[in-house]
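The lines below spell out each chain.
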Amino acid sequence: MTDDSTIVDDAFKQFERDKFSLVAQKYDEAIAAVTSQVNEAILDAVGASGLKLLDIACGTGWLSAAALKREAIVTGLDYAENMVAIARVRCPQASFHNGDAENLPFESGQFEAVVCSLGILHFPNPERAIAESFRVLKPGGRYAFTCWTPPTCNPFMALILGSVQTYGNMNVDLPPGPPLFRFGERGECERVLIAEGFTEVSVTELSIKWTFSTPEDVMAKVVVSTARLGAILAMQTPDQRRNIENAIIDGASKYATYSGVEIPASVMLAVGYKP
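The sections below set out a description of the structure shown in this document. (Residues numbered from 1 in each chain as written. Predicted model: local features only at pLDDT ≥ 70, side-chain atom pairs only at ≥ 80, totals over all residues. Heavy atoms only, no water.)

**Concerning the overall build of the chain**
Each helix and strand counted, the chain has 12 helices and 8 strands in total. In summary, the chain has a C-alpha radius of gyration of 18 Å against a globular reference of 19 Å for 275 residues, a match within 12%. When its C-alpha atoms are laid out on the principal axes, the chain stretches across 55 × 55 × 35 Å. Considering the chain as a whole, with its 275 residues, one finds that 53% of them fall into the buried category. Put simply, of all contacts in the chain between residues at least 6 apart along the chain, 77% involve residues at least 24 apart. Taken as a whole, the chain presents about 11,900 Å² of accessible surface, with 51% of it coming from carbon and sulfur. (Helix = DSSP H or I, 4+ residues; strand = E, 2+ residues; numbered from the N terminus. Rg over C-alpha atoms; globule rule 2.2 N^0.38 Å. Buried < 20%, exposed > 50% of the residue type's maximum accessible area, 1.4 Å probe, protein only. Contact = heavy atoms within 4.5 Å. Areas by Shrake-Rupley, 256 points an atom, 1.4 Å probe, with all protein chains shown as cover.)

**Notes on the pattern of salt bridges**
This model, assessed by the stated rule, comprises 13 salt bridges. Where Lys13 meets Asp100, a salt bridge forms, and the shortest distance between an N and an O atom there is 2.7 Å. Within this pair, whereas Lys13 is found in helix H1 (residues 4-22), its partner Asp100 is found in the loop between strand S3 (95-98) and strand S4 (111-117), the two being separated by 87 residues in sequence. By relative accessible area, which is 11% here, Lys13 ends up buried. As a salt-bridge pair, Lys209 and Glu262 come within 3.4 Å of each other at their nearest N and O atoms. Pair noted here: Lys209 is in strand S6 (residues 199-212) and Glu262 is in strand S8 (residues 260-273), with a separation of 53 residues, a long-range link. Each of the salt bridges in this network shares a partner with another, and the network as a whole consists of Glu127, Arg182, Glu188 and Arg191. (Salt bridge = Lys/Arg side-chain N within 4 Å of Asp/Glu carboxyl O.)

**A look at the packing of helix H8 (residues 155-167) against helix H12 (residues 238-253)**
At a closest axis distance of 9 Å, the pairing of H8 and H12 adopts a crossing angle of 140°. Classified by the angle their axes make, H8 and H12 are oblique. When you trace H8 past H12, the crossing you get is right-handed. Mapping the contact onto sequence places Leu159, Ile160, Ser163, Val164 and Tyr167 in H8 and Gln240, Asn243, Ile244, Ala247, Ile248, Gly251 and Ala252 in H12. Split by residue class, the contact of H8 with H12 holds 8 nonpolar, 4 polar and no charged. (Axes fitted to C-alpha atoms, helices over the stretch in contact; angles between N-to-C directions. Parallel < 35°, antiparallel > 145°, perpendicular 65-115°, else oblique. Left-handed = near helix turned anticlockwise from the far one by under 90°. Nonpolar A, V, L, I, M, F, W, Y, C, P; charged D, E, K, R; others polar.)

**A few points about the packing of aromatic side chains**
What the rule picks out here adds up to 10 aromatic pairs. With a centroid separation of 6.3 Å and 15° between ring planes, the pair formed by Phe156 and Phe212 is classed as stacked. Here Phe156, found in helix H8, pairs with Phe212, found in strand S6; they are 56 residues apart in sequence, far enough to count as distant. Under the relative-accessibility criterion, Phe212 is labelled buried at 7%. Seen from their ring centres, Trp210 and Phe212 are 6.4 Å apart, and the 10° between their planes marks the pair as stacked. No difference in accessibility class separates Trp210 from Phe212, as the two residues are buried. A network of ring pairs unites the aromatic residues Phe134, Tyr143, Phe145, Phe183 and Phe198 as a single cluster. Its guanidinium or amino end placed over the ring of Phe111, Lys52 lies 5.9 Å from that ring's centre, counting from NZ or CZ. (Phe/Tyr/Trp six-rings, centres within 6.5 Å; stacked < 30°, edge-to-face > 60°. Lys NZ or Arg CZ within 6 Å of the ring centre and 35° of its normal.)

**A closer look at the pairing of S8**
With respect to burial, S8 is a largely interior element, 11 of its 14 residues being buried. Direction of pairing for S6 relative to S8: antiparallel, over a ladder of 12 bridges. Across the sheet, Ile208 pairs through a bridge with Ala265, a residue of S8. Pairing analysis gives 2 bridges linking strand S7 (residues 256-257) to S8, with the strands arranged antiparallel. For Ala256, the partnering residue across the bridge sits in S8 and is Val261. Taking the residues between adjacent antiparallel strands as the criterion, S7 and S8 are bridged by 2 residues. (Pairing = 2+ DSSP bridges.)

Keep in mind that these numbers describe shape and distance, not what the molecule does.
See below:
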């Protein structure tokens, strides 16, 4: 018998799988270019050079490509087929799989390092995904993940979500998903990693900048290159969308520079060691 929580989780996974496959090319052009700013820090954290490394929620392969430059032996996994297809083109030397982070298709103790950049917020059962990462790591291996910090310390998220909360409706018809910012809290990262068996846990906040040509580009790029955020924005009424877009343009204008718009954001980088 299937319980209600499994049905809800499956609906969310299917939504994410379909949506990220749909936006894969736009994601590669917009979001991946932003999130790659912390790739070197992630790889430093696990000592990736020359290691057998698993990149979970690999997306379109930017982190995998950076690991290959360090002569790592790279395997990547993502739930969205079109993301994996782009990753294979970007990194022909790596091995990519379409699969579920909560049920990894790998033998235990197979990898010397496991990384997951901004994937943890997309997993309905993140503890299970972390436990799976622990399982496939060799003793002595390191695991690292990143997650967005909450709007209180993340100006980009404050601008986007604050504009929706003020002028629109966050309660749109989407499958319920995990909290976006659960692992943007240092204590939560530490607690869950330790609970799943990791030791020598450390958590560091890293800065990122979202860059756009003009303030008018911000909402348009977010709508076509993200899953949940884009769907929330797309599902507003015409009046709500107009008001939200005006608020985002106004807010983004405050971050204008001579070369475009640079809106600060940050992620938590959590690292654990498998004894």
